[in-house]
Protein chains: 2
Amino acid sequence: MRRVGALIFPGFELLDLFGPLEMFGLLKDDFNLQLVAETSDPIASNQQVRANPDTTIKDSVHFDVMFIPGGMGTRGEVNNTALLDWIRTTSDSAEYVLSVCTGSLLLAGAGVLDGRRATTNKAAYTKIAGQYPKVDWVKQARWVEDGKFITSSGVSAGMDMALGAIALMHDRETAKKVATWSEYDWHMDKDWDPFAQVHGLV
Amino acid sequence: MRRVGALIFPGFELLDLFGPLEMFGLLKDDFNLQLVAETSDPIASNQQVRANPDTTIKDSVHFDVMFIPGGMGTRGEVNNTALLDWIRTTSDSAEYVLSVCTGSLLLAGAGVLDGRRATTNKAAYTKIAGQYPKVDWVKQARWVEDGKFITSSGVSAGMDMALGAIALMHDRETAKKVATWSEYDWHMDKDWDPFAQVHGLV
């Protein structure tokens, strides 16, 4: 059983978070999911609808998997020292660190991606890559795996990445079963990324 | 601006709900999203993580779009008279009625799908079709449109359907922009359904 700590903050992107959590959550015997926030109040997503944290960053819960969604709200957290400290500490002791979309902005801000290959939302790619040059940014990838760090492109890419992560933590057959159960057409190739071209990156 | 009322109940399926709400929610000038529940307490999904209702069924808010996700929790609500009454009343005055997965079980239970073409999660198809014979169930379809009723197959099909609904309410170009922005590979053909075969229905 792995404990997954999924960070939420005001303006998190709904599908960044709940797409992957759907996938992990279907493996009830293997993953325990918790939403983590700075405080215990409900948090409004970019789409306004609100999620409820299960724990706060002060509770210092150990997570086997740390998960950071993206969204417009990441911009408001890049200088949040308490949050970046939590990310750094939790990343150090986690077995896996996952991010979707601009969630990698927060990982980069915490310094944990320095020297690592990683990707992000392709619309924001150029700006983020410029702000965090110590990260080895990959411009065309659905998701990137570098050691324990698994970072994906924008929004829907999180679901492909989550299944890829399940394949790593368990096996490909298990990931395929989850995809089938959720009637999801899984893009299994982590290098498939037509959106890099759409945004003029390649 | 259309007001979307998305019902949540204990054991709702996470991606049934939040996949479509991601899509509608990206059109901030066109859709106002509200989560509706029987009470105002946080509601746990099938994946345990909790969402927060914005309004309750007693508040009798008028919704232009009524949205019903599915999930294991639908089984627990099929005899919930207050909920079925709310579904019936809200359906009558809504411009569009949408469901994902076994959400159509609740629509069928409220009687609003009688004589209508509709679909549901393919794993539960046979059982549900047997329980509600007045509905004209379609066994192979990603989603079905019959007048104002738009019902989809399981879980991930909701995202394809939501984009289809956006194409109906606005236009296909708008739906494609939402798909591109969310880096989503939209299956635009509502008859595409390989999962019907997986579950032995065709």
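Residues numbered from 1 in each chain as written. Chains lettered and ligands numbered in written order. Predicted model: local features only at pLDDT ≥ 70, side-chain atom pairs only at ≥ 80, totals over all residues. Heavy atoms only, no water.

An unreviewed UniProt entry lists chain A under the name DJ-1/PfpI family protein, with Ruegeria sediminis as the source organism.

Moving on: the pattern of salt bridges. Pairs can form between side chains of opposite charge once their charged atoms are near each other. Taken as a whole and assessed by the stated rule, the structure comprises 16 salt bridges over all chains. Asp-160 of chain A serves as the salt-bridge partner of Arg-142 of chain A, at 2.7 Å between the closest nitrogen and oxygen. Of this pair, Arg-142 of chain A sits in the loop between strand 9 (136-137) and strand 10 (143-146) while Asp-160 of chain A is found in helix 5 (residues 157-169), placing the two residues 18 residues apart along the sequence. Overall, Asp-160 of chain A belongs to the buried group, its relative accessible area being 0%. Each of the salt bridges in this network shares a partner with another, and the network as a whole consists of Arg-142 and Asp-160 of chain A together with Glu-183 of chain B. (Salt bridge = Lys/Arg side-chain N within 4 Å of Asp/Glu carboxyl O. Helix = DSSP H or I, 4+ residues; strand = E, 2+ residues; numbered from the N terminus. Buried < 20%, exposed > 50% of the residue type's maximum accessible area, 1.4 Å probe, protein only.)

Quick look at the pairing of strand 1 (residues 2-7) of chain A now. Residues and elements named next belong to chain A. For strand 1, the buried fraction is high: five of the six residues fall into the buried class. Here strand 1 pairs with strand 2 (residues 31-37) via six bridges, running parallel. Looking at strand 2, one finds that Arg-3 is bridged to Asn-32. (Pairing = 2+ DSSP bridges.)

All right, on to the sheet that holds strand 5 (residues 55-56) of chain B then. Residues and elements named next belong to chain B. Strands sit in the order 5-2-1-6-7-11-10 across an open sheet of seven strands; the sheet is mixed. Two strands lie at the open edges of the sheet, namely strand 5 and strand 10 (143-146), each paired on one side alone. Against the sheet, helix 1 (residues 14-25) engages strand 1 (2-7), strand 2 (31-37), strand 6 (65-68) and strand 7 (96-99), with an angle of about 155° to strand 2. The strands that helix 2 (residues 81-93) touches are strand 1, strand 2, strand 6, strand 7 and strand 11 (149-152); relative to strand 6, the one it contacts most, it runs at about 145°. (Contact = heavy atoms within 4.5 Å. Axes fitted to C-alpha atoms, helices over the stretch in contact; angles between N-to-C directions.)

Residues and elements named next belong to chain A. Along the chain, the position of Leu-105 falls in helix 3 (residues 103-109). It is 9.5 Å that separates the C-alpha atoms of Leu-105 and Glu-77, two residues lying 28 residues apart in sequence. The contacts of Leu-105, once residues within four sequence positions are left out, are Thr-74, Arg-75, Val-78, Ile-128, Gln-131 and Tyr-132.

Right, let's get into the sheet that holds strand 3 (residues 43-44) of chain B. Spatially, four strands are ordered 3(A)-4(A)-4(B)-3(B) in an open sheet, and the strand pairing comes out antiparallel. Sheet topology places strand 3 (43-44) of chain A together with strand 3 of chain B at the edges, where each strand pairs with a single neighbour. Pairing of strand 3 of chain B with strand 4 (residues 50-52) of chain B involves two bridges; the strand directions are antiparallel. By the bridge assignment, Ile-43 of chain B is partnered in strand 4 of chain B with Ala-51 of chain B.

To continue, consider the environment of Glu-22 of chain A. In this structure, Glu-22 of chain A sits in helix 1 (residues 14-25). Taking relative accessible area as the criterion, Glu-22 of chain A reaches 0% and is therefore assigned buried. Along the backbone, Glu-22 of chain A and Arg-50 of chain A are 28 residues apart, and their C-alpha atoms lie at a distance of 17 Å. Leaving out residues up to four positions away in the same chain, Glu-22 of chain A has contacts with Trp-181 and Ser-182 of chain A together with Glu-13, Leu-14, Leu-15, Gln-47 and Val-155 of chain B. A distance of 2.9 Å separates a polar side-chain atom of Glu-22 of chain A from the backbone nitrogen of Leu-15 of chain B. A polar contact is formed between the side chain of Glu-22 of chain A and the side chain of Gln-47 of chain B, at a distance of 3.2 Å. (Polar contact = N/O pair within 3.5 Å; in protein donor to acceptor, adjacent residues only side chain to side chain.)

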